[in-house]
Amino acid sequence: MWGLGFLFCNRCFSFSAALKLCFSSIFSLFPFASMKHKRKVGGTGPKSPGPPAPEAASPPIPILISTFIVFVTGNILISSLSQLGPQYLEPIYGNIFSSLGFYHGTVISLILGAIIGTYYWRYILKTMGTASNKSPGNLSAIDIKVGRVLYTTLDMTALLTALAPLHASYLFRWSGALGPMWGPLLTHCVLSFPVVLLSAFAVCVAVGRISHDLYMEKRQLAIAVGAFGIISMAVWLGYQYGSTHRSCQGMLVSAGYSGLSALVIKLLVGYQEDLDAAAAFKAHQKELKDGNAETDQHVQTHKRQSHKLRFIPTIACICLAITALYTDRTCDTGVVAYDSSIKDLTNYKMLFREESTTGWVTVVDERDRGLRFMRSGHSLIGGHWLRTSESIFGIFYYADAVRMIKHRKSNPVSKQKRMHELQPQGWSQKLSRQAFIGDGTERALIIGLGVGITARSFYEQNVRVDVVEIDQAVYDAAVQYFGLPRKLNSVNIMDGRLFIDEAHTGTYDYVVHDVFTGGSVPASLFSQSAIMQLKRILKPDGVLAMNYVGVPNDKRTLSHVARTIGTAFPFMRCFAETTKDLDAMANIMFFASAKHVLFDITSDVLRAMGKTSLRSRVLATMLDNELNISEFIHNSTIQPITDDWNPLSDWQVDTAIQHWQAMREILPTAYWLNY
């Protein structure tokens with residue numbers, strides 16, 4: 001209907017008349033758009049005869065549209081930066097530090113923006129007339145002033161957001177000196193917080209103008225502001241769930257949206273200025289029939305030139321966005337060759353690169369050491385040696401021990417004995433590799449794929465493997481570059497907690513739980529309810545292998561994690577990756593079951609694996625690295641971790657610092673900056 005109205009107006013009327021008709025059609029939906037208020041002359045008695053009273057002090061339609069645009073744009077900018085801000089910093093600082101303090105900084109910025117916007121609105125009223133002076137001429141000047149403030153503020157947010165890639169790349173160079181605690185906070189102070197502050201400032205000025213109407217009933221005012229809020233919130237939700245939220249492109253899209261909003265407001269304010277100028281000119285000609293037309297023409301020419309200058313920030317924003325799009329490597333989603341002029345990068349070759357759910361996922365070959373690894377954010381989630389295809393991290397082979405527990409049919413020692421008793425001629429008592437091969441009935445669930453070391457090992461042992469991985473890019477890279485079999489039982493790209501809540505009871509013989517990345521673990525997968533769900537989907541004699549990254553001597557965290565697992569499983573054992581330094585960060589593997597966890601890792605088992613294999617060497621020392629957690633398992637004075645009380649995120653800060661420093665020692669800083 002509005003489109004047909006536009007067509008009719010363009011054919012029959014001038015552009016100004018068409019624009020006015022369109023605006024009237026849209027804002028007839030709002031209660032204040034059609035109100036014909038009359039100024040009260042005095043008292044409640046009969047009105048004295050005289051000239052008609054001026055119309056209400058409601059903002060003109062172009063200014064109403066401008067305030068609505070500010071409501072929507074402010075919501076979109078704040079919502080996008082709430083995700084894009086930490087996401088942009090995650091490859092440099094990890095998922096904990098990129099979000100640490102971000103919420104509080106955002107709230108403080110919103111409060112400061114609201115305070116400054118409120119005081120600035122009062123300043124406008126003070127300098128352009130008292131709040132009680134609501135004559136049409138005075139309000140017209142205030143409307144123009146408000147419009148200029150709104151589009152100037154949005155221009156500033158657009159320029160700051162468009163400059164974000166340039167600012168970030170410069171500040172990232174100082175990440176080593178600033179460290180993981182102060183570096184993210186300083187970067188957010190340049191990247192996100194100013195835009196949030198300006199957005200809150202603009203919204204408060206817009207609210208001030210809408211509420212500046214003594215002739216509008218409070219109920220109608222509440223409906224008007226509520227309508228703006230509901231519509232802008234709907235737009236925010238659509239943007240929140242409909243956007244892909246890629247970091248660089250998201251920043252540039254936000255900058256473009258803010259710049260476009262400023263451009264529309266400029267056109268609306270210019271249109272309102274033309275209406276006011278035309279009305280003033282008619283009044284001037286009516287009062288002074290001999291008015292100076294030449295002087296008026298000079299004034300109009302000067303205004304047109306000033307109108308043109310308003311578009312300079314828009315042009316600058318477009319130029320900055322295009323420059324970042326073609327020069328900043330974070331805006332390129334494909335494989336990007338490392339700069340050969342950087343000495344520390346000549347040893348690396350990038351094979352895969354994609355920005356996905358967990359951040360930037362890359363696969364890189366290191367020539368000197370002959371290894372290939374996968375990076376997700378500021379963390380290495382796995383890798384293998386190019387010559388042998390064995391894991392570069394031995395902890396992943398701990399999970400193989402779930403099939404070496406005594407009295408289980410999968411135990412190779414027990415299996416070899418049973419086969420020898422049934423077929424003395426066909427089976428030797430000497431253990432062979434064939435004893436590791438299952439009968440195809442065992443099922444294993446792997447939560448957190450990594451590069452697929454455990455999944456591939458189980459698959460080779462004829463175990464039906466179900467994988468749950470939250471990031472599609474991680475799975476694609478594991479298949480393409482790390483030899484993960486495509487014919488697994490199932491691959492589920494989804495949140496691990498959601499999967500275990502919906503999985504069938506008594507399905508799995510083994511669950512391998514390893515979700516560490518970026519310096520922390522998702523706390524929701526370590527709560528009591530999550531552990532109970534894991535027990536539910538295991539068979540009665542099933543085994544849980546859960547990897548937790550922390551400090552072995554951190555009794556506080558270790559005791560609560562062990563106690564939480566102990567509420568579901570009566571038997572549990574715990575092994576560290578190494579016990580040489582109990583105050584250093586290490587992988588800690590928990591094994592839990594409803595039955596005794598007794599391992600049958602004998603010399604015959606290790607010999608059958610092959611003494612030269614990394615898996616046999618790791619499993620040979622696993623039992624020597626056991627941690628004593630018996631005092632925690634059934635200690636009722638230790639509170640289990642629950643969904644309502646889950647302090648793991650706060651407790652992991654110290655571990656995350658050690659992890660961040662370890663990553664910078666394993667690989668040079670230049671590598672982490674050039675992702």
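A brief look at the structure comes next.

Cut-offs used in this document
All residue numbers refer to position in the chain's written sequence, counted from 1. Only residues with pLDDT of 70 or above have their local features reported here, since the model is predicted, and side-chain atom pairs are shown and tallied only from 80 upward, although totals for entire chains, interfaces and linings are computed over all residues. Side-chain figures throughout are based on the complete set of non-hydrogen atoms in the structure, without hydrogens or water. Here a strand pair is declared whenever DSSP counts at least two bridges between the two strands. A run of DSSP states H or I qualifies as a helix once it reaches four residues; a run of E qualifies as a strand once it reaches two. Both are numbered from the N-terminal end. For every element, the axis is a line fit to its C-alpha atoms; helices are fit only across the contacting stretch, and the angle between N-to-C directions ranges from 0 to 180 degrees. Throughout, a residue-residue contact means that at least one pair of heavy atoms, one from each residue, lies within 4.5 Å. Remark: exposure states derive from per-residue accessible area (1.4 Å probe, protein chains only) relative to the maximum for the residue type, with buried under 20%, exposed over 50%, and partly exposed in between. In protein, a polar contact means a hydrogen-donor-capable atom and an acceptor-capable atom, both N or O and within 3.5 Å, with residues adjacent in sequence counting only if both atoms are side-chain atoms; elsewhere, any N or O pair within 3.5 Å suffices. Remark: nonpolar core denotes a set of buried residues (Ala, Val, Leu, Ile, Met, Phe, Trp, Tyr, Cys) joined through side-chain atoms within 4.5 Å. Note on ring pairs: Phe, Tyr and Trp rings are taken, using the six-membered ring of Trp, and paired if centres are within 6.5 Å. Classes follow the plane angle, with under 30 degrees stacked, over 60 edge-to-face and the rest tilted.

**Here's the deal with the sheet that holds strand β1 (residues 348–356)**
- Here four strands make up an open sheet; going across it, the order is β1-β2-β3-β4 and the pairing antiparallel. Only two strands of the sheet have a single neighbouring strand rather than two, namely β1 and β4 (380–385). Within the sheet, the average angular offset between the axes of one strand and its neighbour, ignoring direction, is 10°.
- The pairing of strand β2 (residues 359–366) with strand β3 (residues 371–376) spans six bridges and is antiparallel. In the strand pairing of β3, valine 361 is matched with serine 376.
- Packed onto the sheet, helix α15 (residues 472–481) meets β1, β2, β3 and β4 and runs at close to 150° relative to β1.

**Describing the side chain of threonine 157**
- Mapped onto the secondary structure, threonine 157 falls in helix α5 (residues 136–162).
- The buried category is assigned to threonine 157, whose relative accessible area is 0%.
- Side chain to side chain, threonine 157 and serine 258 meet in a polar contact 2.5 Å long.
- If we ignore the near neighbours within four places in the chain, the residues touching threonine 157 are Leu77, Val195, Leu198, Ser199 and Ser258.

**Focus on the nonpolar core**
- In terms of nonpolar packing, the biggest core is built from 57 residues, with Met374, Phe591, Phe599 and Met622 touching the most fellow members.
- With seven residues, α15 is the largest single contributor of residues to this core.
- The contacts of phenylalanine 599, once residues within four sequence positions are left out, are Ala401, Met404, Ile405, Lys406, Arg573, Phe575, Phe591, Met622 and Leu623.
- Formed by 43 residues, the second largest nonpolar core is a distinct cluster that contains Val511, Phe526, Ile588 and Phe632.

**Focus: the side chain of asparagine 347**
- Within the secondary structure, asparagine 347 is located in the loop between α12 (312–327) and β1.
- Its relative accessible area of 14% is what places asparagine 347 among the buried residues.
- Filtering out sequence-adjacent residues up to four positions away, asparagine 347 remains in contact with Asp365, Glu366, Arg367 and Asp368.

**Here we look at the packing of aromatic side chains**
- Under the counting rule described, the total for this entry stands at 17 aromatic pairs.
- Taking 5.6 Å as the distance between ring centres and 70° as the angle between the ring planes, the aromatic pair formed by phenylalanine 526 and tyrosine 548 counts as edge-to-face. In this pair, phenylalanine 526 sits in the loop between β8 (508–513) and α17 (528–537) while tyrosine 548 sits in strand β9 (residues 538–550), placing the two residues 22 residues apart along the sequence.
- Exposure remark for phenylalanine 526: the relative accessible area of 2% places this residue in the buried category.
- A ring pair is formed by phenylalanine 575 and phenylalanine 599, whose centres lie 5.8 Å apart and whose planes are at 75°; its orientation type is edge-to-face. With a gap of 24 residues between them, phenylalanine 575 in strand β10 (residues 571–576) and phenylalanine 599 in the loop between β11 (586–593) and α19 (603–609) connect regions that are remote in the sequence.
- Exposure remark for phenylalanine 599: the relative accessible area of 9% places this residue in the buried category.
- Each member of the aromatic cluster is reached from another via a ring pair, and the members are Tyr88, Tyr93, Phe172 and Trp660.

**Observations concerning the pairing of β4**
- Of all six residues in β4, five are buried, a share of seventy percent or more.
- With five bridges joining them, β3 and β4 adopt antiparallel strand pairing. Its bridge partner being in β4, arginine 372 is matched across the sheet by histidine 384.
- Linking β3 back to β4 in an antiparallel pair, the connection comprises three residues, with glycine 377 at a positive phi of about 65°.

**Focus: the sheet that holds β10**
- Within the open sheet, the eight strands sit side by side as β7-β6-β5-β8-β9-β11-β10-β12. Their pairing is mixed. Strands at the two margins of the open sheet, each flanked by one partner only, are β7 (490–493) and β12 (626–627).

**Some words on helix α14 (residues 453–460)**
- Buried residues dominate α14, accounting for six of its eight residues.
- Among the residues of α14, those classed as buried are Ile453, Thr454, Ala455, Arg456, Ser457 and Phe458.
- Looking at the buried residues of α14, the elements they touch are β4, β5 (443–447), β6 (464–469), β8 and α20 (614–622).
- Positive backbone phi, approximately 65°, marks asparagine 462, located one or two places after α14.

Function-wise, these values are silent; they only describe arrangement.
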